[in-house]
Number of protein chains: 2
Amino acid sequence: MKKNRLFTPGPVMVPEEALLEMARPMEHHRTQWYRDLHKQLHDLLQYLFQTKATCLVVTGSGTAAMEGAIIGCCTQGHKALVAEGGKFGERWVKVCKTFGIDHTVLKIEWGHGATPAQIEKALAADPKIDAVIVVHSETSTASGSDVQGIARVTRGRGALLLVDGITAVGAIPVKMDEWGVDVYVTGSQKALMLPPGLAFAAVNDRAWERINSGSPHALYNDFRAYRKAMEKWDAPYTPAVSLVRGTLWTLQSIRKRSLEAIWAETAALAKATRSAAKAMGLQVYPADPVDSVTALCLPEGVDEPSLRKTMRETYGMHIAGGQDQLQGKIIRISHMGYVDAFDTLGVIAALEMALRAQGVKLTLGAGVSAALGVLAELFQSQRS
Amino acid sequence: MKKNRLFTPGPVMVPEEALLEMARPMEHHRTQWYRDLHKQLHDLLQYLFQTKATCLVVTGSGTAAMEGAIIGCCTQGHKALVAEGGKFGERWVKVCKTFGIDHTVLKIEWGHGATPAQIEKALAADPKIDAVIVVHSETSTASGSDVQGIARVTRGRGALLLVDGITAVGAIPVKMDEWGVDVYVTGSQKALMLPPGLAFAAVNDRAWERINSGSPHALYNDFRAYRKAMEKWDAPYTPAVSLVRGTLWTLQSIRKRSLEAIWAETAALAKATRSAAKAMGLQVYPADPVDSVTALCLPEGVDEPSLRKTMRETYGMHIAGGQDQLQGKIIRISHMGYVDAFDTLGVIAALEMALRAQGVKLTLGAGVSAALGVLAELFQSQRS
């Protein structure tokens, strides 16, 4: 018996019941059935983002929704600041360039999150900036930014805050309204534990005011069309009905478990993985680690492609490598979606064996024991 | 027992085996598994479009891919002619307006297809036009355009031809290379009998030359990124993996049945429905009916919403109504996707009963008998 387990930071494992929900016979979307589903989904999305804002459902990848957010909020006459410390920050810079959006890039050292002080300084230096784009969890470096602190700064200066929450929302604390974030975006294939194909954007009234005042070069990604259709719980273009149906299922299950419980569990899985790494003599890569995905530095001499191949082919454990300057240097293990404490123990056990096969000296069991220490605390806290 | 049958012109019914294929455990897309799948899919897409051109897989609705095609081929310095005779033609005009594309609208009377002569005249009148946008099957009016003839005109004048084949490809004859079409677009939820969420665009070298010479205001919908990623059978943004997997299944089944057989069957279902309509005293709405979807005029005094409600609630038959000026005046019955002769007999039978309940005088069984006459011929021809 060899089971496959996905620890890639999206796509993640999907609950069997969600897969079956999506395999139900097709229904049409211009129906009362869809409108009821859409309305129910909206309530749950508001819970997910912790907001009273309008939450849009976009058929496409997270990139589509972030593009829609950026081009809607940064039309002519506005200027954006993009905090860029990894592959996703780079992508939002590319959106600004492609659409000719006036913008400044705030370079963040890879492995670090953007800080409120950095944003404050950049805004003070250029009062023209009235929109800030930040990646909450930079998946490529497994680093987290202090969105709560940054929102305090943007609110103070009257700038909009647009957050790429693609590997944050549903995994780590996100409190859109309490913090004062104006647009939060996420995708289906991360903490929502669904296949890829849907993106979600929560857009508050401050952002709508900006969006409604401009005319972006976009039809498909023009958020205004989505909001207008939502007046009747409709969609402007044919939505990915089966995925929407799956989202209702997973959001109901998230609601039942509660976000607080999920945040605590994700944090514990991350902490367990970091503890295991320490016990195995591996360094955690980022200076500001985020809890949705862990990046570990590989010891000298370890061949990353062959390590991942062993993980995959011998143990059925699918983990990610590094990108660009981090290629061959790190591995990444996700804590999002349909993954639990025992899956996580398993990936650590497999990593111990795979590293040993590459000649890394370690005491077999040291990693899993350290992880188990953390995970036992999690179960203890859940019982009490 | 009450079964539900979808005769809406998308979403359509999905084969149970495709639903289960999409319900298989999630796999990652940056893997050899996905690259192999993508390559296989590409061969099948080339068969579907009858082309050697590059076929892109876009996560989004058909609108996303048509937008990508239009903005890629009609950048600054180019001028488009949009044949507009229904809701989808209107949408492509809207894309041109939104993106500030220089364009002329060729108004087509609703219910009619665009003709080669009309296109010829419009091109002769304005030599600046170097791209023509045509809807092959205008779903809103159930009318078809003579794409083969139009392609002869555009080729003769050196203009690109972009075809919205969303309710055409896989249902009615489409021969991209033989005809000389430059871009053909379709969506997953029509003749490909899948849930919505994917769109496909076949783009030939003439179109790529144009696309590569410009810089559209688009990141997500920039076709160049898709083509570049395809050099390694990769995708630029996370694709809807489960839907891609389902597409492989349905395209394999289409290939097995052969396009010619499917075109013949779709044509027979349409002919059967038109024959039934005649026998029931109903008029076919379009002057140029297309075979993928049939639009029938309702007799005076029939209340369309209540007719569709009876069809749906009493008989489980989901049909579509008319849009805009056709609202309340027509009903539309799809012949696309996972629908066969007996389903079609069923929807005609239900329509007879539902019309009778509204006081329409008809001989019960006249419709189904007429349809059966046509369908028997189909079975006869399949046997021989």
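All values derive from a computational prediction rather than experimental measurement.

J.: When you look at the packing of helix H12 (residues 304-313) of chain B against helix H13 (residues 341-357) of chain B in this model, what are you seeing that I'm missing?
T.: All names here are of chain B. Across the interface, H12 lies against H13 with an axial gap of 10 Å and an inter-helix angle of 135 degrees. The angle between H12 and H13 places the two elements in the oblique class. Handedness of the H12/H13 crossing: right-handed. Touching Leu-307, Thr-310 and Met-311 of H12 are Ala-350, Leu-351, Ala-354 and Ala-357, all from H13. Considering only residue class, the contact of H12 with H13 consists of 6 nonpolar, 1 polar and no charged.

J.: Please explain the relation of the copies chain A and chain B as it appears in this structure.
T.: Two chain copies here: they are related by a rotation about an axis and a translation along the same axis. Screw-axis analysis of chain A against chain B gives a translation of 0.0 Å along the axis, an RMSD of 0.0 Å, and a rotation angle of 180 degrees. The transformation just described matches what one would write down for a two-fold rotation axis. When each C-alpha of chain A is compared by its distance to the rotation axis, Gly-60 of chain A comes out closest, at 2.4 Å.

J.: Whenever I open this one, the sheet that holds strand S9 (residues 183-187) of chain A confuses me. Can you help?
T.: What links the strands of a sheet is backbone hydrogen bonding, and the strands pair in either a parallel or an antiparallel sense. All names here are of chain A. Ordered in space as S2-S10-S9-S8-S5-S3-S4, the 7 strands form an open sheet in which the pairing is mixed. Strand pairing shows two members of the sheet lacking a second neighbour, strand S2 (54-59) and strand S4 (103-107), which therefore form its edges. The sheet shows a mean angle of 20 degrees between the axes of neighbouring strands, direction not considered. Those strands touched by helix H6 (residues 147-157) are strand S5 (129-135) and strand S8 (160-164), and its axis lies near 160 degrees from that of S8. Docked against the sheet, helix H9 (residues 223-230) engages S2 and strand S10 (198-203), running at close to 115 degrees with respect to S2.

J.: Would you mind going over the sheet that holds strand S8 (residues 160-164) of chain B with me for this structure?
T.: Residue and element names in this part refer to chain B. The sheet built from 7 strands is open, its strands ordered S2-S10-S9-S8-S5-S3-S4 with mixed pairing. Every interior strand has two partners, whereas the edge strands, strand S2 (54-59) and strand S4 (103-107), have only one. Sheet twist, expressed as the mean angle between neighbouring strand axes with direction ignored, is 20 degrees. Running at roughly 110 degrees to S2, helix H2 (residues 32-49) makes contact with S2, strand S9 (183-187) and strand S10 (198-203) of the sheet.

Analysis parameters
Residues numbered from 1 in each chain as written. Chains lettered and ligands numbered in written order. Predicted model: local features only at pLDDT ≥ 70, side-chain atom pairs only at ≥ 80, totals over all residues. Axes fitted to C-alpha atoms, helices over the stretch in contact; angles between N-to-C directions. Helix = DSSP H or I, 4+ residues; strand = E, 2+ residues; numbered from the N terminus. Parallel < 35°, antiparallel > 145°, perpendicular 65-115°, else oblique. Left-handed = near helix turned anticlockwise from the far one by under 90°. Contact = placed C-beta atoms within 7 Å. Nonpolar A, V, L, I, M, F, W, Y, C, P; charged D, E, K, R; others polar. Least-squares fit on C-alpha atoms with pLDDT ≥ 70 in both. Pairing = 2+ DSSP bridges.

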